[in-house]
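Descriptive structure summary
The chain contents come next:
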Amino acid sequence: MKSNLFSLFLIVLLFSCSPSGREGVLEEQFAGYWYQGKAEINVFELKQSRYGEVREGKAVMIFVTEDFSKRKQVKLDNPGSSGADAQKVLKLNMTREFLTGVYPYHTMLSVFTPVYEEINSPKLTASMTEWCGQSFAQMNWKNNGYQTQIFSYFESEGDQEFKLSGKSEDELFNLIRLNPALISEGETRLIPSLIYQRFSHIPLNVEEAVITKKAFGSAQEELDLNYPELGRTLVIRYQTAFPYEILSWQEIQITKDGQKEVTSAVRKRVQMLDYWTKNGLEDEVLRESLSF
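Below, the structure is looked at part by part.

The rules we used
- Residues numbered from 1 in each chain as written.
- Predicted model: local features only at pLDDT ≥ 70, side-chain atom pairs only at ≥ 80, totals over all residues.
- Heavy atoms only, no water.
- Buried < 20%, exposed > 50% of the residue type's maximum accessible area, 1.4 Å probe, protein only.
- Helix = DSSP H or I, 4+ residues; strand = E, 2+ residues; numbered from the N terminus.
- Arc of directions from axis to C-beta.
- Contact = heavy atoms within 4.5 Å.
- Polar contact = N/O pair within 3.5 Å; in protein donor to acceptor, adjacent residues only side chain to side chain.

A few points about helix α2 (residues 27-34)
Listed in full, the buried residues belonging to α2 are Phe30, Tyr33 and Trp34. Each buried residue of α2 lies within a common arc of 80° when the element is viewed along its axis, so the set occupies one face. The outward face of α2, more than 90 degrees from its buried face, is lined by the exposed residues Glu28 and Gly32. Against β1 (39-50), β2 (53-69), β3 (86-100), α3 (172-178) and β15 (260-273) lie the buried residues of α2.

Rendered as C-alpha cells:
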C-alpha cells in the first residue's frame, strides 16, 4: 500500500513539475534546439511591393527563446528570482530593409509567444521608419483583449489607444515554429499584421479570415491565410519536420482598382548564432556568412 502511494506521489510530482499546455511541443526535442543559448537567424531575399513597384531588399527573421515577465510583459533581467511571474516565450524579431527611390524604409516586428501556455501572445510591437517620419504600434494582452496603442507622424493616425479582442496574424510565424498543428484550418477572425497595417493605413480591427494548408511533397507545407474583405492573402511555406523552419512567405494584395501587388521573401541563409556577444569590429566579418 505504501509503495503504491509513493509511486502515485512521484507521478503527481513529475507532472506538476513538467511544462504543460501546448500539445505538440515536445520538451526534450524543443529544448535540444532552442535552449542552446543561441538565436536562429534567417536571411531572406525580399521583393517588396511599394507605391506600385517592386523593390529589392533584405528581410531577416530572428527566432530566440527568452524568459518573459507575465506581469510587466518585458524580458526578465533575473528570471531565476522571478518565480511564477516568469514564462518561456519564443520571440520573433522580423526586419525589412528596402529603398523607395532615394530614401530607405526600415520595418521591425516583435512577437512574444508563450512556449508552453496555450494563450495568446502577450505582446506584439511594430515600428516603421523612413525619411518622412516614423510610426510605432504596441499590443498588450490584458483582460481578455489587446490594449492597443498606435503612434504615427500622420495627423489622422497619430496617438490612438483602443482594445481589440482576437488573435493576431503575426503570431502565426511563431506558432508554426512551435508546431504547425497548433494552427487550425477553416474560418477564423484575426487582427491583420501590424506591418501590413502601417503600409496600408487601414484602421486596425479584427477581420474575417480563412486558413488552409497545402502539402508540397513529404517535407514541406504551405499555410494560406486569406482576408476576403481586405483583398489580402498571406502564404507561408515551411518544413513539416521539427524545427519547422520557414522557407519563404508571400503577401498578395488586390487593390481597389483590381491590381495585384505581390511582396515575396525567399530564404537564402540560416545560422544559429549568439549574435549579442558578437558586437566588436572584428565580428563584422560574420555578416558575410549571412549574405549582408
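The discussion continues.
Concerning the environment of Ala126
Positionally, Ala126 belongs in strand β5 (residues 123-130). Looking at Ala126, the relative accessible area reads 1%, which means it is buried. Separated by 49 residues in the primary sequence, Ala126 and Leu175 have C-alpha atoms spaced 18 Å apart. Not counting chain neighbours up to four residues away, the residues in contact with Ala126 comprise Met108, Leu109, Ser135, Phe136, Ala137, Leu194 and Ile195.

Re unusual backbone geometry
Residues Phe242 and Pro243 are joined by a peptide bond in cis, for which omega reads 10°. Mapped onto the elements of the fold, Pro243 is located in the loop between β13 (232-239) and β14 (246-254). Of note, Asn144 is a non-glycine position whose phi angle comes to about 60°, a positive value. Topologically, Asn144 is positioned in the loop between β6 (133-141) and β7 (146-152). Of note, His201 is a non-glycine position whose phi angle comes to about 60°, a positive value. By the element assignment, His201 lies in the loop between α4 (194-200) and β11 (207-216). Under the relative-accessibility criterion, His201 is labelled partly exposed at 33%.

A word on the environment of Gln48
Tracing the backbone shows Gln48 in strand β1. In this structure, the C-alpha to C-alpha distance between Gln48 and Met272, residues 224 residues apart in sequence, is 26 Å. What Gln48 contacts, discounting residues up to four positions off in sequence, is Glu53, Val54, Arg55, Arg96, Phe98, Phe199 and Thr263. A polar contact is formed between the side chain of Gln48 and the side chain of Thr263, at a distance of 3.3 Å.

Digging into the side chain of Lys91
Turning to its location among the elements, Lys91 is positioned in strand β3. Residue Lys91 is classed as buried on the basis of its relative accessible area, which comes to 11%. Only 2.6 Å separates the side chain of Lys91 from the side chain of Glu66, close enough to count as a polar contact. Aside from chain neighbours lying at most four places away, what touches Lys91 is Ile62, Phe63, Val64, Glu66, Val111, Phe112 and Asn174.

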